[in-house]
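Inside the fold
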Amino acid sequence: MVSFTKFAILALTAGTINGALVPTADFQKALDVFGLEPPSQLTVSFGGSSSNFPGPDIRPIPGNSPVSQCDANQPQLLNLQKLIIDPNPPERGQNITFVATGFLSKDVEEGAYVDVEVKYGFIKLVHETFDLCEEITKVELECPVLKGEQVIRKTVEIPAEVPPGRYSVVARAYTNKDVFITCLTATIDFPAA
Ligand SMILES: *[C@@H]1O[C@H](CO)[C@@H](O)[C@H](O)[C@H]1NC(C)=O
């Protein structure tokens, strides 16, 4: 079972939201693929009206990826200088490799966390907080992550079972002292085969 977090890290994650409303069967399938329980209450939002979704201060990250920096007007510890993905755009059932180069202005220690929100079309698929130090082991990093230049290279497989549709992700990471590390956002469309 491919964990959702893996997907989130892969997508690094979300953007301005304007997807199409998805059929219920696909929504259920998306939950299954990512191992998620159906939410007790579906949140459907239009435009960028959701509280957690990024505002207009989005800065593209150099490279070819659909990932941007969000909340760009606020100081952040990570300056992601370049992000290259291959293939671009990502394809279901294919491996995707990403290479990220960034500069961290302060050490990141145990207790850091990341707040991730994913939407599938207009529907909020997940909104959860993860242990950042645990998640980054998936990209061969470990805490403490020392300040300075960081290069991450990783290949992951995108399962063919991922339902087609528009996925929008926003991830905001903070240190154990609630210092803002980064806000990343991406919108990825998986067309029907
Ligand atoms: C993805 O990479 C893995 C490991 O290198 C490999 O076993 C697998 O066949 C690859 N999948 C595709 C679709 O290329």
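Here the structure is shown first, and the text comes after it.
Read on for a plain summary of the structure. This one's a predicted model, so the numbers in the text were calculated from it and none came from an experiment. (Residues numbered from 1 in each chain as written. Predicted model: local features only at pLDDT ≥ 70, side-chain atom pairs only at ≥ 80, totals over all residues. Heavy atoms only, no water.)

1. Considering the pattern of salt bridges
Tallying each qualifying case throughout the model produces five salt bridges. In this structure, the salt-bridge partner of lysine 138 is glutamate 135, at a minimum N-O distance of 2.8 Å. When the shortest N-O distance is used, the salt bridge between arginine 166 and aspartate 189 registers 2.8 Å. Note that arginine 166 is positioned in strand β8 (residues 165-174) and aspartate 189 in strand β9 (residues 180-190), a separation of 23 residues in sequence. (Salt bridge = Lys/Arg side-chain N within 4 Å of Asp/Glu carboxyl O. Helix = DSSP H or I, 4+ residues; strand = E, 2+ residues; numbered from the N terminus.)

2. Notes on the state of the cysteines
A full pass over the atoms with the stated rule returns two disulfides. The side chain of cysteine 70 participates in a disulfide bridge whose partner is cysteine 183; the two sulfur atoms lie 2.0 Å from each other. Between cysteine 70 and cysteine 183, the disulfide has an S-S torsion of -95 degrees and is therefore left-handed. One end of the pair, cysteine 70, is in the loop between β2 (67-69) and β3 (78-86); the other, cysteine 183, is in strand β9, and 113 residues separate them in sequence. Comparing cysteine 70 with cysteine 183 shows no difference in burial state: the two are buried. Note on cysteine connectivity: cysteine 133 is disulfide-linked to cysteine 143, with sulfurs 1.9 Å apart. (Disulfide = S-S within 2.5 Å. Buried < 20%, exposed > 50% of the residue type's maximum accessible area, 1.4 Å probe, protein only.)

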